[in-house]
Amino acid sequence: MDPSVYWNPILETMPREKLQALQLKKFKRIFTWAYDNSPFYRRLYRDAGIEPGDIKTFADIRKVPKIEKSMMREIQGPGKNNYPYGDILCVPKTDVCSYRQTSGTTGQPVYQADSWQDWEWGIEAYSHALWAQTYRNTDRMLLPFGYNIFVAFWAAHYAAEKLGVEVVPGGVLNTEARILKMQELEANAMAATVSYVLNMGRVAREKMGIDPAKDLNIQKITVAGEPGGSIPATRQRMEELWGAKVYDQCGSTEIGHWGWECHHQAGLHVNEAFFLFEIEDLETGEIITEPGKKGRLVATALDRTAQPCIRFDAKDIIQWNAEPCACGRSFWRLDGGIIGRADDITKVKGVLWAPSAVEEVVRGFAQLSDEYQIILSKKGDADQIELKVELMPGYENNEADVRHALLAKLRLQTNLNYLLDFKTYGDLPRFEGKGKRFQDLRHN
Amino acid sequence: MKPEFDLNAMVQKIQTLKQNAAELKAVAGGIVAVDRNINRISASIRVMELDICDAADILLAGD
């Protein structure tokens, strides 16, 4: 294998048993660091009766209490120590150089502090992704996102610069201006959310008369923020719309940039040199080590020191793929990327159901637009799923046929029935950031 | 094709860089421009420790 395909061949091709030894060593280090420097973590661990000397094996790691967003909300905010970060902070506030926050879609935003050291580490983590996706110093990448308080593609910007990629910041430009800038500069790469990649492409084609696949030069796109990058039908739509290769990438404000597809586009690699990933069974909470079984991600950022992230319940649903990738990396992969959010995966009529399964079906129909909305509700005691979709222009007379085929496919894929509502093209919301397409009203 | 690198030598060079950075800071008499640039350099050196030295500790153990 050509070593130049790796950002860091030492870490990326490390034998699995060595990689696990590295993770254990690093876990002990970050645990000790947090215990010694963060009142929050020390309190948490003392209450659980665990201290640094107790961590000797992976089994010991599983005794370490998990953290989650709600715990951050309790220690952060006005009137709390070390405002706004709370007493999780492990460094003096004078060492904090960067503020970000979560979007707050599930409650009060979580505030995230980074020292310059952590910022460099985060950029290094993202560099693995871009290099694996063939970004090089011959590329010109336009970043069409609002450079603001959310972490979004900030690390992509700095990692691309580190690789030598020429970065065009598409900050406050509107969608049309971004497309024109892309065309003017012959940019050959971009990174955005799945929803925005689709939306931009439609705006170019339908409002501007620009066919992204023919009139623009975009050859590779990194997507993040939504599951669609690993949903085959959604990926196919993006690739056809733009005439480009689409690579999935994932991460979060609290954890960092932990997963990415390599150029083989064969599932998300997880960066096991910088992070520890544990998958918990959805019902029993037991740790899943075997491939092919879905569970929720518990993640540790092994080297993030200002505001450590140790055994964070990410509420992402994933499953291992331990088959070797053709790229030669020893990092394991995830089948289907992030399959869904634990908050969204729910039982409907007794069947375990995820919105991403519906997306895969809807986006497999060329007669339907990119957009859809799902509303779960109750009719009497029975669960009901309403699915709103749009017919593409030119297919308005095909509703009966599409309805029949769509219901059949949905039933096959999810074992459930749906109430279909066909909307006029353009009626459903479009998104620049993460799309919001699912509501569960059953408990309102 | 296997990459050609000398892990031991890389670790030594990284430690030398780290030491040089600390020594430069020590003799700079608090000049802010030096101090803050050393902070940035030190963060990059730390990333190389994570990239190389941590791995070397594991890979070279028992050699």
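In the block above lies the structure referred to throughout.
What you see is a predicted model, and the numbers here were worked out from it, not measured in a lab.

Colleague: I'm lost on the overall build of chain A in this one. Help?
Modeller: When helices and strands are counted, chain A shows 13 helices and 22 strands. Against the 2.2 N^0.38 benchmark of 22 Å for 444 residues, chain A shows a C-alpha radius of gyration of 22 Å, consistent with a compact globule. Over its C-alpha atoms, taken along the principal directions, chain A stretches across nearly 70 × 60 × 50 Å. Restricting to contacts in chain A with at least 6 residues of sequence separation, those with at least 24 account for 68%.

Colleague: Would you mind showing me how to read the packing of helix H6 (residues 116-132) of chain A against helix H2 (residues 32-59) of chain B here?
Modeller: The description of two packed helices rests on the angle between their axes and on the distance between the axes. Contact geometry of H6 of chain A with H2 of chain B gives a least axis separation of 9 Å together with a crossing angle of 45°. Between H6 of chain A and H2 of chain B, the angle falls in the class oblique. Between H6 of chain A and H2 of chain B lies a crossing whose hand is right-handed. Where H6 of chain A approaches H2 of chain B, its residues Trp116, Gln117, Glu120, Trp121 and Glu124 of chain A are matched on the opposing element by Asn39, Arg40, Ala43, Ser44, Arg46, Val47 and Leu50 of chain B. Residue composition of the contact of H6 of chain A with H2 of chain B, by class: 5 nonpolar, 3 polar and 4 charged.

Colleague: How should I be thinking about the interface of chain A and chain B in this particular structure?
Modeller: Note: interface size is frequently given as the accessible area lost on complex formation between the parts. Facing the 18 residues of chain A at the interface are 15 residues of chain B. Broken down by secondary-structure element, the contributors of at least two residues to the side of chain A that touches chain B are helix H1 (9-12), helix H2 (16-37) and H6 of chain A. The residue makeup of the side of chain A that touches chain B, split by class, is 9 nonpolar, 2 polar and 7 charged.

Colleague: Would you mind showing me how to read helix H3 (residues 39-47) of chain A here?
Modeller: The α-helix advances 3.6 residues per turn, and as a result positions three or four apart in sequence lie on the same side. Residues and elements named next belong to chain A. Residues of H3 that are buried: Phe40, Tyr41, Leu44 and Tyr45. An end-on view of H3 places all buried positions within 120° of arc, on one side of the element. Exposed residues lying more than 90 degrees from the buried face of H3 are Arg43, Arg46 and Asp47. Taken together, the buried residues of H3 touch H2 and helix H5 (69-75). Glycine 49, located one to two residues past H3, shows a positive phi value of around 70°.

Colleague: Is there a simple way to explain the environment of leucine 302 of chain A in this structure?
Modeller: All names here are of chain A. Looking at the secondary structure, you find leucine 302 in the loop between strand E12 (295-301) and strand E13 (312-318). Spatially, the C-alpha atom of leucine 302 lies 9.4 Å from that of lysine 25, the residues being 277 residues apart in sequence. Discounting residues that sit within four places of it in the chain, leucine 302 has contacts with Gln23, Lys26, Phe27, Ile30, Phe274, Phe275 and Leu276.

Colleague: I'm lost on H6 of chain A in this one. Help?
Modeller: Residue and element names in this part refer to chain A. An ideal rise of 1.5 Å per residue puts 24 Å on 17 residues; H6 measures up with 25 Å between its terminal C-alpha atoms. Within H6, 15 of the 17 residues are buried, which leaves it mostly tucked inside the rest of the structure. Within two residues after H6, threonine 134 carries a phi angle of roughly 75°, on the positive side.

Colleague: I tried to follow the sheet that holds E12 of chain A on my own but got confused; where do I start?
Modeller: In sheet architecture, strand pairing relies on hydrogen bonds along the backbone and comes in two forms, parallel and antiparallel. The 5 strands are arranged E11-E10-E12-E13-E16 (chain A) in an open sheet whose pairing can be described as antiparallel. Only two strands of the sheet have a single partner each, and these edge strands are strand E11 (287-288) and strand E16 (340-341) of chain A.

Colleague: Would you mind going over the pairing of strand E3 (residues 140-143) of chain A with me for this structure?
Modeller: For a regular strand, side chains alternate in direction, first toward one face of the sheet and then toward the other. All names here are of chain A. Where E3 and strand E4 (residues 166-169) come together, 4 bridges link them in parallel fashion. Within E4, the residue paired with arginine 140 across the bridge is glutamate 166. Once the chain exits E3 it traverses helix H7 (residues 154-163) before rejoining the sheet at E4, and the crossover so formed is right-handed. For E3 and strand E5 (residues 189-193), the ladder comprises 2 bridges, and the chain directions are parallel. Note on E5: the bridge partner recorded for leucine 142 is methionine 190.

Colleague: Mind showing me how you'd approach the sheet that holds E3 of chain A here?
Modeller: Residue and element names in this part refer to chain A. The 9 strands lie next to each other as E4-E3-E5-E6-E7-E8-E9-E15-E14, forming an open sheet whose pairing is mixed. Every interior strand has two partners, whereas the edge strands, E4 and strand E14 (320-321), have only one. Docked against the sheet, H6 engages strand E7 (245-252) and strand E8 (256-261), running at close to 10° with respect to E8. Where helix H8 (residues 175-185) meets the sheet, it contacts E3 and E4, and its direction lies at approximately 175° from that of E3.

Colleague: Sorry, what's going on with the pairing of strand E10 (residues 275-281) of chain A here?
Modeller: Residue and element names in this part refer to chain A. With 7 bridges joining them, E10 and E12 adopt antiparallel strand pairing. Pairing of leucine 276 across the sheet is with threonine 300, part of E12. Summarising the sheet, E10 and E11 pair through 2 bridges and their orientation is antiparallel. Pairing of isoleucine 279 across the sheet is with isoleucine 288, part of E11. In this structure, the hairpin formed by E10 and E11 is closed by a connection of 5 residues, where glycine 285 is found at a positive phi of approximately 80°.

Thresholds, definitions, all that
- Residues numbered from 1 in each chain as written.
- Chains lettered and ligands numbered in written order.
- Predicted model: local features only at pLDDT ≥ 70, side-chain atom pairs only at ≥ 80, totals over all residues.
- Helix = DSSP H or I, 4+ residues; strand = E, 2+ residues; numbered from the N terminus.
- Rg over C-alpha atoms; globule rule 2.2 N^0.38 Å.
- Contact = placed C-beta atoms within 7 Å.
- Axes fitted to C-alpha atoms, helices over the stretch in contact; angles between N-to-C directions.
- Parallel < 35°, antiparallel > 145°, perpendicular 65-115°, else oblique.
- Left-handed = near helix turned anticlockwise from the far one by under 90°.
- Nonpolar A, V, L, I, M, F, W, Y, C, P; charged D, E, K, R; others polar.
- Buried ≥ 20, exposed ≤ 12 C-beta atoms within 10 Å, placed from the backbone.
- Arc of directions from axis to C-beta.
- Expected span 1.5 Å × (residues − 1).
- Pairing = 2+ DSSP bridges.
- Right-handed = clockwise from strand over helix to strand, strands pointing away.

Coordinates in, geometry out; function isn't part of it.
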